[in-house]
Amino acid sequence: MPDEISHILWTYLILKHPRLSNRKEFKGRKNAAATYFFSVFPDIGNLILIFLALWVISSNGLPMVFGHHAEGMYPEVYDVFMGSGKNIYYAFHSYVTMGLLLGLFYLIMRKIYLPVLFTGFHITLDILTHAEGNALKPFYPIFDFKINGLLNWGSWEFYVIEITLLIIYTVWLVRNWRKEKEKEKEGEKEKEKEKEGEKEMEK
Ligand SMILES: [Zn+2]
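Residues numbered from 1 in each chain as written. Predicted model: local features only at pLDDT ≥ 70, side-chain atom pairs only at ≥ 80, totals over all residues. Heavy atoms only, no water.

1. What about the overall build of the chain?
For clarity, the cut-off: Strands are runs of DSSP state E lasting at least 2 residues, helices are runs of H or I lasting at least 4, and numbering of each runs from the N terminus. Atoms counted for the radius of gyration: C-alpha only. Globule rule: 2.2 Å times residue count to the power 0.38. Exposure classes here rest on a 1.4 Å probe applied to the protein chains alone. A residue is buried below 20% of its type maximum, exposed above 50%, and partly exposed in between. We call two residues in contact when some of their heavy atoms are within 4.5 Å. Using a 1.4 Å probe, the Shrake-Rupley method yields the accessible areas, and only the shown protein chains count as cover for residues.
When its secondary structure is counted, the chain shows nine helices and zero strands. N-terminal to C-terminal, the α/β element order of the chain is α-α-α-α-α-α-α-α-α. For the chain, the C-alpha radius of gyration of 24 Å lies well beyond 17 Å, the compact-globule estimate for 203 residues. Based on the C-alpha atoms only, the size of the chain along its principal axes is roughly 90 × 45 × 35 Å. When burial is assessed residue by residue, the chain has 32% of its 203 residues classed as buried. A fraction of 60% describes how many contacts in the chain between residues 6 or more apart in sequence connect residues 24 or more apart. Of the roughly 14100 Å² of accessible surface on the chain, 64% is carried by carbon and sulfur atoms.

Shown next as structure tokens:
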């Protein structure tokens, strides 16, 4: 599931921004876990579809097949991914569902729980990267229209961009990490200097 890796990486990157990392809604382990959970939440719908397909295969006594290329599927399995079951995919990838989650958390916590918004971020990324058969209905079930993405995830263009971003991202992370180390070292040197200064004063 390369999709999940990129959702998690994007979330990690965004949480690095001081305007977010300084907010108490994102501080602490619980909130961080919630943020990552909501950043992959829509794909729980995909997981449900996979389990549904497995159940359909075993209950119909069909031999196991892996991968969901439409042409290689049994009609019963095709119906799970591309037919009636697809509404589960639309529902989980819908801003309407995110709105309901926000409402639910508002009732419990009496505030807008910001980590839930990462579900919206996931949906936005998916709108851009899911085309044709994978295209989302971002306001399902209130509005039924689909938005065709700029590219389709799984296409070679998608992987070229994905891998380029990954390289840029890694370089950026390593540079930041080095800068932090240098800062630490400088801090230590200054402390040593201060100590030496104090010793001199004592003399
Ligand atoms: Zn998704």
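2. Considerations on a positive patch on the surface
Put simply, the rule is: Like-charged residues are merged into a patch within 9 Å and nonpolar side chains (Val, Leu, Ile, Met, Phe, Trp, Tyr) within 5 Å, provided each residue has over 30% relative accessible area and no salt bridge. The term salt bridge refers to a pairing of a side-chain nitrogen on Lys or Arg with a carboxyl oxygen on Asp or Glu at a separation within 4 Å. Only four residue types enter the charge count, namely Lys and Arg as positive and Asp and Glu as negative; His and the chain termini do not. By convention, the charge on Lys lies at NZ, on Arg at CZ, on Asp at CG and on Glu at CD.
Judged by side-chain charge, Lys181, Lys185, Lys189 and Lys193 come together as a positively charged surface patch. As for its position among the elements, Lys185 is in helix α9 (residues 156-202).

3. Details of the packing of aromatic side chains
The criterion, for reference: Stacked, edge-to-face and tilted labels apply to pairs of Phe, Tyr and Trp rings (six-membered ring for Trp) whose centres lie within 6.5 Å, assigned for plane angles under 30 degrees, over 60, and everything in between, in that order.
Considering all chains together, one arrives at 14 aromatic pairs under this definition. Both rings, one in Phe37 and one in Phe38, keep their centres 5.2 Å apart while their planes meet at 75°; by these two values the pair is edge-to-face. Taking the relative accessible area as the measure of exposure, Phe37 reaches 40% and is therefore partly exposed. The interplanar angle of 40° and the centroid separation of 5.9 Å between the aromatic rings of Tyr90 and Tyr140 together place this pair among those described as tilted.

4. Digging into the confidence of the model for the chain
Worth spelling out the cut-off: Confidence of the predictor at the level of single residues is given by pLDDT, which spans 0 to 100.
Averaged over the chain, the pLDDT score is 85; the fraction of residues at 70 or greater is 94%. Per-element mean pLDDT across the chain ranges from 80 in helix α1 (residues 2-15) up to 96 in helix α7 (residues 95-109).

5. Considering the coordination of the zinc ion
In plain terms, the rule: Only nitrogen, oxygen and sulfur atoms qualify as donors, and only when within 2.8 Å of the metal (3.2 Å in the case of Na, K and Ca); with water excluded, sites may look incomplete. Each label reflects the angles at the metal, where four donors whose angles all fall between 85 and 135 degrees are tetrahedral, four or six donors whose opposite pairs open beyond 155 degrees and whose other angles stay between 65 and 115 are square planar or octahedral respectively, and the rest are irregular.
Coordination of the zinc ion by the protein is provided by Asp43 (OD), His93 (NE2), His122 (NE2) and Asp126 (OD), with metal-donor distances spanning 1.9 to 2.2 Å. Around the zinc ion sit four donor atoms; with metal-centred angles ranging over 86 to 175°, the donor geometry is irregular. The motif formed by the donor residues of the zinc ion, counted along the single chain, is D-x49-H-x28-H-x3-D. With His93 in the loop between α6 (86-92) and α7 and His122 in helix α8 (residues 117-129), the pair connects residues that are 29 residues apart, well separated along the chain. Overall, His122 belongs to the buried group, its relative accessible area being 1%.

6. So, the side chain of His93
Its relative accessible area of 1% is what places His93 among the buried residues. Every residue in contact with His93, bar those within four places of it in the chain, is listed here: Pro42, Asp43, Asn46, His122, Ile123, Asp126, Leu136, Lys137 and Pro138.

7. A look at the pattern of salt bridges
Scanning the model with the defined rule gives two salt bridges in all. The partner of Arg23 in a salt bridge is Glu25, with the nearest N and O atoms 3.4 Å apart. Given the relative accessible area of 40%, Arg23 is considered partly exposed. For Glu25, a relative accessible area of 12% gives the class buried. The partner of Lys137 in a salt bridge is Asp144, with the nearest N and O atoms 3.3 Å apart. Owing to a relative accessible area of 11%, Lys137 belongs among the buried residues under this scheme.

8. Digging into the packing of α7 against α8
Stated precisely, the cut-off is as follows: Axes here refer to lines fitted to C-alpha atoms; in helices the fit is confined to the stretch in contact. Angles between the N-to-C directions go from 0 to 180 degrees. Oblique is the label for every angle not falling under 35 degrees (roughly parallel), over 145 degrees (roughly antiparallel), or within 65 to 115 degrees (roughly perpendicular).
Contact pair α7 / α8: the axes reach a minimum separation of 9 Å and the direction vectors enclose 175°. With respect to their mutual orientation, α7 and α8 come out roughly antiparallel. Here Tyr95, Met98 and Leu102 of α7 come into contact with α8, specifically with Leu117, Thr119, Gly120, Ile123, Thr124 and Ile127.

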